[in-house]
Amino acid sequence: MGTGNSRHKLAALAACALSGSLLAGTALAAGPAASAASASAASQETTLRVKMSGSGVDTLNPFLAFFDGAYDVFAAIYPTLNSLDETGKPGPYLADSWTQSDDKLTWTFKIRDGLKWSDGTPLTAEDAAWTLNLITTDAVAGTANGSLVSNFESVTAPDATTLVIKTKEPQANVTYVSVPRSGIPIVPKHIWESQAEHLKDYKNDTFPVVGYGPWTLTDYKPEQYAKFDANKDFILGKPGFDHMVQQSFKSVDAAVAALRSGQLDYINGVNPTQFKALQADKSLLTIQEVGNGWTGLEINYNARTRTGKKIGTGHPALGDPVLRHAIALATDRQTLVNKVRDGLAVVGAGYLPPAWPQWVWKPAPGEETPFDLDQANKILDDAGYTKGGDGVRVDPKSGKPLELRLGIHSDDTDDAGISNYLKGWLETIGVKLKIQTLSMSALNSDLAKGDWDLLMDGWTTGPDPTFLLGIQTCAALPKDDGTAGNTDSFFCDKDYDELFKKQLTTFDLDERAKTVGEMQSILYKADVNQMHFNANHLDVVRTDTVTGVIIGQPDAQGMYPAQSYAFWGYLKATPATAKVTAAKEESGGSALWIGGAVLLVVLVGGGIALKRRSGADDRE
Amino acid sequence: MSAATNAPAALDVPRHHAFSRFCRAFAKRPAGLAGLGLLVAFGVLALVAPLFIGDDQLNVIKVDGPQLSPPVDGYPLGTDQAGRSVLLLVIWGSRESLSIGLIATALTVVLGSAVGLLAGHYQGWIGKILMHVTDWFIALPSLPLAISLSAVLGQGAASITIAIAVTSWTATARLVRAQTLAVEARPFIERAKVLGAGNTQIMIRHVLPNVMPLILVSSTLTVASAILSEATLTFLGLGDPTSVTWGSMLQAAFLGGAVTAGAWWYLMPPGIAILIVVLGFTLVGRAVEHVLNPRMVGR
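Quantities reported herein were computed from a predicted structural model and do not represent experimental measurements. (Residues numbered from 1 in each chain as written. Chains lettered and ligands numbered in written order. Predicted model: local features only at pLDDT ≥ 70, side-chain atom pairs only at ≥ 80, totals over all residues.)

**Section: the overall build of chain B**
The secondary structure content of chain B amounts to 12 helices and 0 strands. Here the C-alpha coordinates of chain B stretch approximately 75 × 45 × 30 Å along the principal axes. By residue count, 47% of the 299 residues in chain B fall in the buried class. A separation of at least 24 residues holds for 69% of the contacts in chain B among residues at least 6 apart in sequence. (Helix = DSSP H or I, 4+ residues; strand = E, 2+ residues; numbered from the N terminus. Buried ≥ 20, exposed ≤ 12 C-beta atoms within 10 Å, placed from the backbone. Contact = placed C-beta atoms within 7 Å.)

**Describing the overall build of chain A**
On a plain count of helices and strands, chain A comes out with 18 helices and 25 strands. The buried share of chain A, taken over its 620 residues, is 54%. For chain A, the proportion of contacts with a sequence separation of at least 24, taken over those separated by at least 6, is 70%.

**Quick look at the confidence of the model for chain B**
Residues and elements named next belong to chain B. Across chain B, pLDDT averages 86, with 93% of residues at or above 70. Within the model, the stretch residues 1–11 combines pLDDT values under 50 with 7 contacts to residues more than four positions away or in other chains. The ipTM for the predicted assembly is 0.76, set against a pTM of 0.78. (pLDDT = per-residue confidence, 0-100.)

**Re unusual backbone geometry**
All names here are of chain A. Between F207 and P208 the backbone carries a cis peptide bond, its omega angle lying at -5°. Turning to its location among the elements, P208 is positioned in the loop between α6 (189–192) and β9 (215–221). Notably, N204 is not glycine yet its phi reads approximately 60°, a positive angle. Relative to the helices and strands, N204 resides in the loop between α6 and β9. Judged by local crowding, N204 falls into the buried class, with 22 C-beta atoms found within 10 Å. In this structure, D342 is a non-glycine residue whose phi angle is positive, near 55°. By the secondary structure assignment, D342 is in the loop between α10 (333–340) and β15 (345–347). On the neighbour-count criterion, D342 (19 C-beta atoms within 10 Å) is partly exposed.

**Some remarks on the environment of V322 of chain A**
Residue and element names in this part refer to chain A. In this structure, V322 sits in helix α9 (residues 321–329). Separated by 54 residues in the primary sequence, V322 and A376 place their C-alpha atoms 8.9 Å from one another. Beyond its immediate sequence surroundings of up to four residues, V322 is in contact with I379, L380 and A383.

**Considerations on the packing of helix α4 (residues 86–121) of chain B against helix α12 (residues 264–292) of chain B**
Residue and element names in this part refer to chain B. Where α4 contacts α12, the axes come no closer than 10 Å and their chain directions differ by 30°. With respect to α12, the element α4 is oriented roughly parallel. Between α4 and α12 the crossing geometry is right-handed. Together, V86, V90, G93 and S94 of α4 and W265, Y266, P269, P270 and A273 of α12 make up the contact between the two elements. By residue class, the composition of the contact of α4 with α12 is 7 nonpolar, 2 polar and no charged. (Axes fitted to C-alpha atoms, helices over the stretch in contact; angles between N-to-C directions. Parallel < 35°, antiparallel > 145°, perpendicular 65-115°, else oblique. Left-handed = near helix turned anticlockwise from the far one by under 90°. Nonpolar A, V, L, I, M, F, W, Y, C, P; charged D, E, K, R; others polar.)

**Concerning the sheet that holds strand β6 (residues 106–111) of chain A**
All names here are of chain A. What the 4 strands build is an open sheet, ordered β5-β6-β8-β7; its pairing is antiparallel. The open sheet has two edge strands, β5 (95–100) and β7 (152–159), and neither has a second partner. In this sheet, neighbouring strand axes are inclined to one another by 20° on average, regardless of whether the strands run parallel or antiparallel. Taken together, the 5 bridges between β6 and strand β8 (residues 162–167) define a ladder with antiparallel strand orientation. Within β8, the residue paired with K110 across the bridge is T162. (Pairing = 2+ DSSP bridges.)

**Section: the confidence of the model for chain A**
Residues and elements named next belong to chain A. In the predicted model, chain A carries a mean pLDDT of 83, and the fraction of residues at 70 or more is 85%. Across chain A, the secondary-structure element scoring lowest on mean pLDDT is helix α1 (residues 8–11), at 38, and the one scoring highest is β9, at 95. Segment residues 612–620 is flagged for pLDDT under 50; beyond a separation of four residues in sequence, or across chains, it makes 20 contacts in the model.

**So, the pairing of strand β21 (residues 529–535) of chain A**
On any regular strand, side chains alternate: one points to one face of the sheet, the next to the other face. All names here are of chain A. For β21, the tally of buried residues reaches 7 of 7 residues, placing the bulk of the element in the interior. Bridge count for strand β14 (residues 293–299) against β21 is 4 bridges, and the pairing is antiparallel. Bridge pairing in β21 places E298 opposite N529. Pairing geometry for β15 and β21, over 3 bridges, is antiparallel. Following the sheet pairing, A345 is matched in β21 by A535.

**Structural notes on the packing of helix α2 (residues 30–52) of chain B against α12 of chain B**
Residues and elements named next belong to chain B. At a minimum axis distance of 7 Å, the contact between α2 and α12 shows a crossing angle of 140°. Regarding the angle of α2 to α12, the classification is oblique. Classified by chirality, the crossing of α12 by α2 is left-handed. Mapping the contact onto sequence places A31, G32, A34, G35, L36, L38, L39 and F42 in α2 and I276, V277, L279, G280, F281, L283, V284 and A287 in α12. Residues of the contact of α2 with α12, tallied by class, amount to 13 nonpolar, 3 polar and no charged.

**Concerning α10 of chain A**
Residues and elements named next belong to chain A. Within the sequence span of α10, burial applies to R333, L336, V337, K339 and V340. Buried residues along α10 sit against β15, α12 (413–428) and β21. Where α10 terminates, the next one or two residues include D342, which has phi positive at roughly 55°.

**A word on the environment of A355 of chain A**
Residue and element names in this part refer to chain A. Tracing the sequence through the fold places A355 in the loop between β15 and α11 (373–382). Look at A355 and you get buried, because 25 C-beta atoms sit within 10 Å. Between the alpha carbons of A355 and G88 there is a distance of 9.1 Å; along the sequence they are 267 residues apart. Those residues in contact with A355, other than ones at most four positions away along the chain, are V290, G291, N292 and A562.

Right, here's the structure in full:
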């Protein structure tokens, strides 16, 4: 949704299509998964078989898509102006060089000559200009990525190999606006021009989809798979496989079973329990990526609109920094890392994740908030929050007891785990939590209206932090009529906003990093967004079928850089030379069957039991 | 069953006799006794659980067991991801699972019997409307309805109980209506009417006692399905994530990757506990049905 950002939990919305999906997941685990994948693998040509992002694809129309699965597809089939290298720095793609004017307002991109869309039409700067202009000028086209180009004055293509972007204010991150996966994909003008009128209804599902990238999309079935053919003439290198299949799995356990039985080559994103179980498997490579996101607690301290009108039903006491700090003091982040993520995470502090070291900020020694329940109790006592008969403190100003709602994502095990711990710790400082499990859409709707006290939230970000920092600015607050807000916690701070503008116009990396650090310091002290941890991203690869899908080298702790798997990983993956076909079921297999059987008994039994009630006839 | 023995007894004695006769007949059914034994065992465990399970064993911030460990000393059924004993969780989970099952059944029986009785007694437009409403509920797919209901009511034990009751009262209603129709066709009802009995008296004093055995049988079977429904709905994430029930244990195990990890000690106990209790109720229900239903005697 922004410069290299995606709300990863937004994506998981689809994953909670509850009953059917779980049954389907169990069935997949037991039955022959990835039938589409294995069919094509049987032929001479090679196929890379990967798990589709858990979110699936919401739409193949890149102007409207929000789900991670869709971004993965676009990264494969549509070009961007820049690519990103391993460290997250912009590199060449459609543009092979770029310059900026002295006043920092005009950017000139040199577009490569001689590229052709998959239908043979030449790919020129005009395509890029048309796409970016459409997003700048058309509200529907700007649905997904409009915020990335809001500062663009004009985009023009004086000739086929030159693209000129003029910005209203100097903008440091122009080279991040069109990057694979998290930026704006460039679409072929000759295909899309006729669709611009009714963009909202255009599904973009005529196969093969005309595009340019390492792959061409040849088939897509919702909730099932997306199939690709390699683009042998791709400018940044020829893909190592002839075909690629992204297979949809409703449950990661089902995908793991497919991987173990050799029906799948790569899974991006397993949970710590699965990761540790798979480490013992000799035919699999398990790697940890440095986390590119955070999981944490948000506090509704002051929900209001841009004009300062109070909205929502947040608990008034949360406006008090003392109470917020007490909550921070009562959160043992190390225990959360150890127990909820099985140790495979970094204790959170700064707002930006460790995957992009240039932006990482840590509180100065002595300024960290420790885990100290006694201190939390003490500052609450001192501030006049007296305990009632039931052990729950009362807000001295409003007279309301400190009973707070904590919204968590219904499809997220981390959230459920963390909520158990938070409930326990906060109980010991006299704050009662009421856990509300909500779907992503219900949670977002409550968030926008301010109808919440505490929320578990998580974001991931690409190398440019502008979007993630932007959702904490006053400009992100909703209007009085409730629209146009993409605030994350109704945070609004003048100093923060000034620094936000400053970093956006700072072209020196170190200086910009310093400004971004000051912003994170403001957030840390406000205790409104409390970072719990940065989870390491966990991947599994079959070593007997694929090599090279993992990009970069591990550091001393064995941590790999954040993987741009959807672009570089799938492009650089090659078939393993010694191909072993017979893959053995590991010891986990029997447990899998038993577990599946137990689940089936409960689910099917429950279904039958409910059904039975409804199917009863008159018995005398 | 010898019907002649209670002929000379006093007014309240036949009922007493009927009960002891029922008990004797029930005692001759080993499957029913076995089911009853299972239920009593689980019931006692659930009731005495607070004596030996407390916050120290259940609160994730206080436990210190190994994480997701197979059965070891001190943890006969292993531990969950937070380091809590699975055995204690299963025992504790029986409290909420059983109480939701029983309360939902009570609601189901009360609602279903009331609707069935009224619809059977007032056969005019009231009965028609009630039966049309019942038919409408029967036509609705139960699981999606239960899911949407508990989603609307907010998650937690209360809303799951209501969701189960709302989706499962229809069978009882139809059953009771049919029996009411049969009973009201008998001559003694006509006699009561002639003697001046009002609607309420006929329904409560004459029809209800005759319908009661059927309700009893139906309710024992309803408990079994209510417990399964509870586990299903909690497994689907509609329960309170901080409370311990069998369904929520299965959910935590499943979503936490216990299947891949081969953590059978985490997945199996709650599943088997559900199996045993549902089996217990079904066995008891079948036995009661056999005893009370004269047509099934000898089968």
